[in-house]
Amino acid sequence: MRLSQYLLPVLKENPKEAEITSHRLMLRAGMVRQVSSGIYSWLPLGLKVLRKIERIVREEMELAGAVELLMPTMQPAELWKESGRGDYGKETLRAVDRHGRELIYGPTNEEVITDIFRKNVKSYKNLPLNLFHTQWKFRDEIRPRFGVMRGREFLMKDAYSFDLDEAAAKASYVRMFRAYLRIFKRLGVRAIPFSADTGLIGGNLSHEFQILAKTGESAIYYDRALEDAIDGGEGDVDRLRKFYAMADEKHDPANCNVPADQLVSARGIEVGHIFYLGTKYSDAMGAKIKTAEGKDIAAHMGCYGIGVSRLVGAVIEASHDEKGIIWPENVAPFAVGLVNIKAGDAECRSACETIYATLRQKGVDVLYDDRDESAGTKLASMELIGLPAVIAIGPRGLKDGTAEVTFRDTGTKETMKLHTVANLF
Ligand code: 5CA
């Protein structure tokens, strides 16, 4: 992509409305713009990251045996009356259609998925079944803040499992738990699982995955050894659950036997939340399954959410410095930046064009700053938007046929022969 043909409105100054780093950097790097309180447009650079996170989540869901579908954003209010959970109260955004029917902009999808299930799945032979989608949700949050971290409109991946009995449902739950650990690892964030309340969603077993953030909304307490267990990526859920990890009022110093110097006490932000629902929705909505013995029973359900748009902010919270964002390779909007240090210099331009063409031919996603701007402005923008590597081509290096490659995470610089640069990527 040529920057001259792109939309990347970077800001030099810190926007006043942004209270936290990720919000500040997302605005400065031209990733999002607020349209209305808690409602954002995703500009091209932000959308690329959002899609990459969505793709990693999708891949891991599919590896864990879940199947993708797509449910709408608008839901008939009757379905919510049937499930009997009430609604999201003031958080629910309602609309009335031309026939006077009440619609809800979905804050979550248990009702719609249970409706699909009861109408289309009848036999034990179709179980276990896990269906997921990634769709925009709306919750009229009382205090939308921190940019995409607590939006009113936000993108969530939500998966729903259906099983014949509690034991099978718990196996589905554990499979999702493991998939979540893998997802966060691939995204370069360390999310700690906490046993959680089921709140408005319901059920009696639940975990939330929290990443550390100074401005996080929960107070979290956990055994530091849990970090190694998670980083080790062993995915042994039973072992992980033995470590002390409690959020908010669940933390009870009297019942916490972790030595003080090993107890992490911090703030966290929830990036994922999973629930074993039992038969709450299937009973209420008549989602029955015929067993091998011909009996009709209510399916045991689980639901599994990940805040896809929130994760864009969460990854930035976990990975930045004073110059800007440092994208983990897996979610970087472009693999590499290419900067012409001397705009207007024919030789620099021609060397850049050659490397640009070579990289594109190799299928490398490159952002080429071909604008008529100063070297300083261009390099600072590249640091701000956090691409993993930047190739700079200027007249001095060109004399010896070299370019300079800078790696964003370590700040290391390498001088390389022009014809070898493309081999790095
Ligand atoms: N039905 C279940 C899971 S499928 C559910 O709705 N769970 S939830 O309420 O915990 O939301 C799932 C995830 O969505 C949360 O862990 C969080 O990462 C994200 N999320 C929730 N509210 C917001 C919000 N206002 N802004 C951004 N992300 C949010």
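Everything below is about the structure shown above.
Let me begin by describing the structure that accompanies this report. Everything numeric in this text was worked out from a predicted model, so none of it was measured.

Quick notes on the site of the ligand
Okay, so step 1: In the region of the ligand, 22 residues are neighbours, and Thr108, Glu110, Arg139, Gly151 and Glu270 sit closest.
Okay, so step 2: With respect to the ligand, the side chain of Glu110 contributes an N or O atom lying 2.6 Å from a nitrogen atom.
Okay, so step 3: Note that a nitrogen atom of the ligand is positioned 3.5 Å from one of the backbone N or O atoms of Met149.
Okay, so step 4: Here the ligand, which alone exposes 600 Å², has 96% of that area covered by the protein.
Okay, so step 5: Of all elements in the fold, only β8 (153-163), β13 (263-278) and β16 (300-307) reach the threshold of two or more residues within the shell around the ligand.
Okay, so step 6: The greatest single-element share of the shell around the ligand, amounting to five residues, is contributed by β13.
Okay, so step 7: Residues belonging to the shell around the ligand are distributed by class as follows: nine nonpolar, six polar and seven charged.

Topic: the sheet that holds strand β4 (residues 74-76)
Okay, so step 1: Across the sheet, three strands lie side by side as β4-β6-β5; this open sheet has antiparallel pairing. Lying at the two open borders of the sheet, with one neighbouring strand each, are β4 and β5 (93-96). When strand polarity is set aside, the average angle formed by the axes of neighbouring strands in this sheet is 35 degrees.

Thoughts on the pattern of salt bridges
Okay, so step 1: This structure, assessed with the given rule, holds 27 salt bridges.
Okay, so step 2: Connected through salt bridges with shared partners, the residues Arg51, Glu54, Arg58 and Glu68 form a single ionic network.

Digging into the packing of aromatic side chains
Okay, so step 1: Per the counting criterion, the structure on display carries ten aromatic pairs.
Okay, so step 2: The rings of Phe177, Tyr180, Phe184 and Phe209 are connected pair by pair, giving a single aromatic cluster.
Okay, so step 3: One residue, Lys48, lies across the ring of Phe334, its end atom 3.9 Å from the ring centre.

Calculation notes
- Within each chain, residues carry numbers counting from 1 in the order of the written sequence.
- In keeping with the model being predicted, local features are shown solely for residues with a pLDDT of at least 70 and side-chain atom pairs are shown and tallied solely at 80 or more, while totals for entire chains, interfaces and linings include all residues.
- Note that the side-chain values use all heavy atoms of the structure and ignore hydrogens as well as water.
- By convention in this text, a residue qualifies as near a molecule or strand provided that one of its non-hydrogen atoms is within 4 Å of it.
- Within 3.5 Å is the distance limit for a polar contact, defined as a pair of N or O atoms, with the added protein rule that one can donate a hydrogen and the other accept it, and that residues adjacent in sequence qualify only through two side-chain atoms.
- Each accessible area is a Shrake-Rupley estimate made with a 1.4 Å probe; only the visible protein chains count as cover when residues are assessed.
- Secondary structure elements follow DSSP: runs of H or I of four or more residues count as helices, runs of E of two or more count as strands, with numbering from the N terminus.
- Each residue is assigned to one of three groups, with Ala, Val, Leu, Ile, Met, Phe, Trp, Tyr, Cys and Pro labelled nonpolar, Asp, Glu, Lys and Arg labelled charged, and all others, Gly among them, labelled polar.
- Pairs of strands are assigned from DSSP output, requiring at least two bridges between the strands.
- Where helices are involved, their axes are fitted lines through C-alpha atoms of the stretch in contact, as for all axes, and angles between N-to-C directions lie from 0 to 180°.
- By salt bridge we mean one thing: a side-chain nitrogen of Lys or Arg within 4 Å of a carboxyl oxygen of Asp or Glu.
- Two rings from Phe, Tyr or Trp (for Trp, the six-membered ring) form a pair when their centres sit within 6.5 Å of each other. Planes less than 30 degrees apart are called stacked, planes more than 60 degrees apart edge-to-face, and all others tilted.
- Criterion for a charge above a ring: Arg CZ or Lys NZ at most 6 Å from the ring centre, at most 35 degrees from the ring normal.

Taken by themselves, the reported measurements are silent on function.
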